[in-house]
Amino acid sequence: MDNYLQLFIKETTLYNQLVLGSLLPENLWTPLPHAVQGWLRNYIAATILYFVSGFLLCFYIYHFKRNILLPKDAIPSRKAMGLQIYVAMKAMPWYCLLPTISEYMVENGWTRCFSRISDVGWFSYALNLGFYLILVEFGIYWMHRELHDIKPLYKYLHATHHIYNKQNTLSPFAGLAFHPVDGILQAVPHVIALFLVPTHFTTHIGLLFIEAIWTANIHDCVDGKIWPVMGAGYHTIHHTTYRHNYGHYTVWMDWMFGTLRDPLEDEETKKM
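Quick caveat: nothing in here was measured; it's all calculated off a predicted structure. (Residues numbered from 1 in each chain as written. Predicted model: local features only at pLDDT ≥ 70, side-chain atom pairs only at ≥ 80, totals over all residues. Heavy atoms only, no water.)

(A) The arrangement of the packing of aromatic side chains in detail. If you walk through the whole model with that rule in mind, you get 19 aromatic pairs. Taking the centre distance of 5.4 Å and the plane angle of 25° together, the rings of Y141 and F257 count as stacked. Residue Y141 is found in helix α6 (residues 122–149), and its partner F257 is found in helix α11 (residues 252–257); the two are separated by 116 residues along the sequence. Its relative accessible area of 0% is what places Y141 among the buried residues. Between W214 and Y249, the ring centres sit 5.6 Å apart and the planes meet at 45°, which makes this aromatic pair tilted. Residue W214 is found in helix α9 (residues 201–217), and its partner Y249 is found in the loop between α10 (232–241) and α11; the two are separated by 35 residues along the sequence. (Phe/Tyr/Trp six-rings, centres within 6.5 Å; stacked < 30°, edge-to-face > 60°. Helix = DSSP H or I, 4+ residues; strand = E, 2+ residues; numbered from the N terminus. Buried < 20%, exposed > 50% of the residue type's maximum accessible area, 1.4 Å probe, protein only.)

(B) A look at the side chain of H148. Within the fold, H148 resides in helix α6. For H148, a relative accessible area of 3% gives the class buried. A polar side-chain atom of H148 sits 3.2 Å from a polar atom in the side chain of H162. Non-local contacts of H148, meaning those with residues more than four positions away in its chain, are made with Y154, H158, H162, H238, Y242, R243 and Y246. (Polar contact = N/O pair within 3.5 Å; in protein donor to acceptor, adjacent residues only side chain to side chain. Contact = heavy atoms within 4.5 Å.)

Coordinates in, geometry out; function isn't part of it.
If you want it as structure tokens, here you go:
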């Protein structure tokens, strides 16, 4: 078992070398404990991903496709985006504690993670990944919904994110503009699933960082109209009604629990 756990440590060490070794002088990060190196690597990587994905989406939507994907009055101001960046960057160091803690638990053998797909085979990998994603979708739906339904949680945590409640106040940079505890709570299902489903460690880490891109995407107000994806059209409704479309990747949980509101039906209703 100890030899197998070393595979996880070697993997996270490689990630540290790739990120920290490329961006920082060696004498600044190599003396740090392994877990602190992991946090620093997660912080730097998440920050780069947040700004790169945010700026690329903003450039494409607000400049390259200006007045095509969104009307002019739906484009957020630089001040609004600056505030979102400020809120997100205050929370970022805290967000990065979660993947750091999950890595520590994996490296110590507390979870059901496996290191190599060959350990279980491709069929088992795909099947378990499906179960993992269903658990994550279920967990995020209910965590998000309770952050609305439990009034103190909404008032002291989730309301920070819901000051962006119109198209012209939403942007890709709003995707991580949460109270830090709120952001962590909504990502916790990713970690809980590690204790319930055999999960490929690299896939788990990748999915955590895909969150940053996905949350930027669903706050850009451009509806991709790909069923059953819970895209920006659905999430924009969530920000304007507060009572619908709590789901994360798909519409299925909202459909199952009666909170789904379709953007196409919403547009037809407005025209009547």
